[in-house]
Amino acid sequence: MALHTMVCEAENATEVLFACTDAACGRRVVVGKARPRLTVIDQGDFGARHVGSLGGITVEAVDVA
């Protein structure tokens, strides 16, 4: 599975716009801050795993037992 990175393109007090850095993908999503919600603007590569954050806690590899 491909791994794509999402970066913040715009932010206001209530929402953040994330865009995929892979030029062939084009995925864009809006994430709510105060009220958790995700709105997909452009689906991009649906088969790729997309990761990104604004900072703070970062989850790397996760082992499940």
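Before going into details, it helps to say that this report is about the structure given with it. Treat the numbers as computed from the prediction; the structure is a model and nothing was measured.

## Some details on the environment of Asp 42
Argument step 1. Inspection of the secondary structure puts Asp 42 in strand β4 (residues 38-42).
Argument step 2. Residue class for Asp 42 comes out partly exposed when judged on its relative accessible area of 33%.
Argument step 3. With sequence-adjacent residues up to four places away left out, Asp 42 is seen in contact with Gly 26, Arg 27 and Arg 28.

## Structural notes on the nonpolar core
Argument step 1. Grouped together as the largest cluster of nonpolar side chains are six residues: Met 6, Val 16, Phe 18, Cys 20, Cys 25 and Val 29.
Argument step 2. Top element by residues in this core is strand β2 (residues 15-20). It accounts for three residues.
Argument step 3. Among all residues touching Met 6, those that are not within four sequence positions of it are Phe 18, Ala 19, Cys 20, Arg 27, Val 29, His 50, Val 51, Gly 52 and Ser 53.

Criteria and thresholds
- Residues numbered from 1 in each chain as written.
- Predicted model: local features only at pLDDT ≥ 70, side-chain atom pairs only at ≥ 80, totals over all residues.
- Heavy atoms only, no water.
- Helix = DSSP H or I, 4+ residues; strand = E, 2+ residues; numbered from the N terminus.
- Buried < 20%, exposed > 50% of the residue type's maximum accessible area, 1.4 Å probe, protein only.
- Contact = heavy atoms within 4.5 Å.
- Core = buried A, V, L, I, M, F, W, Y, C linked by side-chain atoms within 4.5 Å.

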